[in-house]
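# Chains, contacts and geometry: an overview
Single-letter residue listing:
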Amino acid sequence: MARKTKSTSLIADNDTGTEPPAKKSAKVQAEDLPYRPCVGIALFNADGLVWMGNRLGFEGAWQLPQGGIDDDETAIDAAMRELKEEIGTNKAELVAETPDWLTYDLPDHLIGKAFGGKYRGQKQKWFAMRFTGKDKHIKIDVPNPEFDSWRWTDFVTLPDLIVPFKRPVYLQIAEAFRDVPQRIREMKSL
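Each chain carries its own residue numbering, running from 1 in the direction its sequence is written. Only residues with pLDDT of 70 or above have their local features reported here, since the model is predicted, and side-chain atom pairs are shown and tallied only from 80 upward, although totals for entire chains, interfaces and linings are computed over all residues. As a rule here, side-chain values cover all heavy atoms of the structure and leave hydrogens and water aside.

So, on to the confidence of the model for the protein. Chain-level pLDDT for the protein is 86 on average; 85% of the residues reach the 70-or-more range. Confidence per residue, as judged by the predictor, is encoded in pLDDT with a range of 0 to 100. Contact between two residues is taken to exist if any of their heavy atoms lie within 4.5 Å; hydrogens are not considered. Note that residues 1–23 has pLDDT below 50 and, in this model, 18 contacts with residues that lie over four places away or in other chains.

Structure representation (structure tokens):
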């Protein structure tokens, strides 16, 4: 039998200094973990097409720019920072944002592994932005690259291209921003 000391280390009753075998850790339960707060950006060009990147090392894993919110920043500040970090430019202006935070859960096999094992998924504030730069300003060969390729695509086809566990959020984004491509095309003609 062992007793705990103030320093919480185990000391054997027989004072041999041996510790009992370590217990197997219980499987992490998703419902015990919080959602990671982050932002996502639907970046539209003047033709109303949305930017998407293929995740580095995961062929066919397309997504929009997204990332965590630092403690000292607002959601919109995080969105602008994420653009710069992920696609090398933040030449964009806000057009719309989702009224609510959108959440997704990780698949069971990623619980306790992805995001350092600290989160069950993400809660995201999404922003629709108009790209004010040129394609040459987009640089995915940034210091910590997230994408290995990118393209402009029709916004309505976006949810079909996304990994299944994120698809419900992308369907909500498609609904929330359904009029944005047309609004941006109209800005081009002004």
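Back to the write-up after that little detour.
We now examine the pairing of strand β9 (residues 121–131). Only protein chains enter the accessibility calculation, which uses a 1.4 Å probe. A residue is then buried if its area is under 20% of the maximum for its type, exposed if over 50%, and partly exposed in between. A run of H or I in DSSP counts as a helix once it spans at least four residues, and a run of E counts as a strand once it spans at least two, with each numbered from the N terminus. With 9 of 11 residues buried, β9 lies mostly within the body of the structure. Of the strand pairs in this sheet, strand β3 (residues 35–44) and β9 are connected by 10 bridges, and their pairing is parallel. Among the inter-strand pairings, phenylalanine 44 is bridged to a residue of β9, identified as arginine 130. Sheet topology note: the strand β7 (residues 92–97)/β9 ladder contains 5 bridges and is antiparallel. Residue alanine 92 lies in a different strand from β9, and its bridge partner there is phenylalanine 131. By the bridge criterion, 4 bridges tie strand β8 (residues 102–105) to β9 in an arrangement that is antiparallel. If you follow tyrosine 104 over to β9, its bridge partner there is glutamine 122. Any two strands are treated as partners once DSSP identifies two or more bridges connecting them.

Moving on, we get to the packing of aromatic side chains. Each aromatic ring pair is summarised here by two numbers: the centre-to-centre distance and the angle between the ring planes. Ring pairs shown here join Phe, Tyr and Trp side chains whose ring centres sit within 6.5 Å, with only the six-membered ring taken for Trp; geometry is labelled stacked below 30 degrees between planes, edge-to-face above 60, and tilted in between. Inspection of the entire model under this criterion finds 8 aromatic pairs. Judged by centre distance (5.6 Å) and plane angle (70°), the ring pair of tryptophan 126 and tyrosine 170 falls under edge-to-face. Highlighted residues: tryptophan 126 in strand β9 and tyrosine 170 in helix α2 (residues 167–176), separated in sequence by 44 residues. Of the two residues examined, tryptophan 126 and tyrosine 170, each falls in the buried class.

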